[in-house]
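Listed below, chain by chain, are the residues.
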Amino acid sequence: MLLGELPPAVLDAVRELGGKTAPVGCIVDLRHLGGAMSRPPQTPNAVPFREAQYILRVLSGLDGVEEEDVRAAHQRVYDAVARWTIGRSLNFVHGRRTDDELVEQV
């Protein structure tokens, strides 16, 4: 998820839904963006959501866990931060996706 801001509610949701009590093990990657990536290029290109300030990724292994359970756990995190989400980056979409899901990413 690409986030426009990072209020405490986002951190609380990530800690609660992706922490020790998560139904599946999660690796949460939260990175600050900005800098050169946020500036418009001299030559227009197809990079969307330059206004994003953070990227939030959630990854889980599938060893001994059903894929549906992993998807559900990740969706709970995404739903919790939806208010601050401005889009997604296709460079960081992992796992199987339908064509419709990929179109929704940009």
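A brief look at the structure comes next. Quick caveat: nothing in here was measured; it's all calculated off a predicted structure. Sequence order sets the numbering: in each chain, residues are counted from 1 along the sequence as written. For this predicted model, a pLDDT threshold of at least 70 governs which residues receive local features, and a threshold of 80 or more governs which side-chain atom pairs are given and counted, while totals over whole chains, interfaces and linings are taken from all residues. Hydrogens and waters are ignored; side-chain quantities use all the structure's heavy atoms.

## What to know about the sheet that holds strand β4 (residues 85–87)
Consider a sheet: its strands pair through backbone hydrogen bonds, and that pairing is either parallel or antiparallel.
Piece 1. Taken in spatial order, the 4 strands of this open sheet run β2-β3-β1-β4, and their pairing is antiparallel. Where the open sheet ends on each side, the last strands, each with one partner, are β2 (27–32) and β4.
Piece 2. Examined bridge by bridge, strand β1 (residues 2–3) and strand β3 (residues 54–59) share 2 bridges and lie antiparallel to one another. The residue bridging L2 from the neighbouring strand is I55, located in β3. For two strands to be treated as a pair, DSSP must find at least two bridges joining them. A helix here means a DSSP run of H or I that spans at least four residues, while a strand means a run of E at least two residues long, and both kinds are numbered starting from the N terminus.

## Describing helix α2 (residues 67–80)
Piece 1. In a helix, the anticipated span is given by 1.5 Å times the number of residues less one. If you check α2, its first and last C-alpha atoms are 20 Å apart, about what 14 residues at 1.5 Å a residue would give, namely 20 Å.
Piece 2. Only protein chains enter the area calculation, which uses a 1.4 Å probe; residues under 20% of their type maximum are buried, those over 50% are exposed, and those in between are partly exposed. Within α2, the full set of buried residues consists of V70, A73, H74, V77 and Y78. Across the axial projection of α2, the buried residues extend over an arc of 140°, all falling on one side. Opposite the buried face of α2, by more than 90 degrees, sit the exposed residues E68 and D79.
Piece 3. Whether two residues are in contact is decided by their heavy atoms, any of which lying within 4.5 Å being enough. Elements that come into contact with the buried residues of α2 comprise α1 (8–18) and β3. Think of the arc as the fan of directions from the helix axis to the C-beta atoms.

## Regarding the packing of α1 against α2
Piece 1. Their axes nearest at 9 Å, the elements α1 and α2 cross at an angle of 165°. The angle between α1 and α2 places the two elements in the roughly antiparallel class. Here α1 runs over α2; the crossing is right-handed. Of the residues in α2, those touching α1 at A13, V14, L17 and G18 are R76, V77 and A80.
Piece 2. When residue character is reported, Ala, Val, Leu, Ile, Met, Phe, Trp, Tyr, Cys and Pro are called nonpolar, Asp, Glu, Lys and Arg charged, and the others, Gly included, polar. Of the residues that constitute the contact of α1 with α2, the class distribution is 5 nonpolar, 1 polar and 1 charged. The axes used here are C-alpha line fits, helices contributing only the stretch in contact, and every angle between their N-to-C directions lies in the interval 0 to 180 degrees. An angle below 35 degrees is treated as roughly parallel, one above 145 as roughly antiparallel, one from 65 to 115 as roughly perpendicular, and anything else as oblique. For a crossing to be left-handed, the near helix must be turned anticlockwise from the far one by less than a right angle; the clockwise case is right-handed.

## Structural notes on the side chain of D29
Piece 1. The residue D29 is located in strand β2 in this model.
Piece 2. Here a polar contact is taken to be a pair of N or O atoms separated by no more than 3.5 Å, where protein atoms must pair a possible hydrogen donor with a possible acceptor and residues adjacent in sequence count only if both atoms sit in side chains. In terms of polar contacts, D29 uses its side chain to reach the side chain of R31, at 2.9 Å.
Piece 3. A distance of 2.5 Å separates the side chain of D29 from the side chain of R57, its partner in a polar contact.
Piece 4. Setting aside residues no more than four positions away along its own chain, D29 makes contact with I55, L56 and R57.

## Observations regarding α1
Three or four residues apart is the spacing at which side chains of an α-helix point the same way, because the helix has 3.6 residues per turn.
Piece 1. Taken together, the buried positions of α1 are occupied by V10, A13, V14, L17 and G18. For α1, the angular spread of the buried residues around the axis is 100°, confining them to a single face. Structural note: α1 exposes P8, R15 and E16 on the side pointing more than 90 degrees away from its buried face.
Piece 2. Turning to α1, the residues buried within the fold contact β1, β2, β3 and α2.

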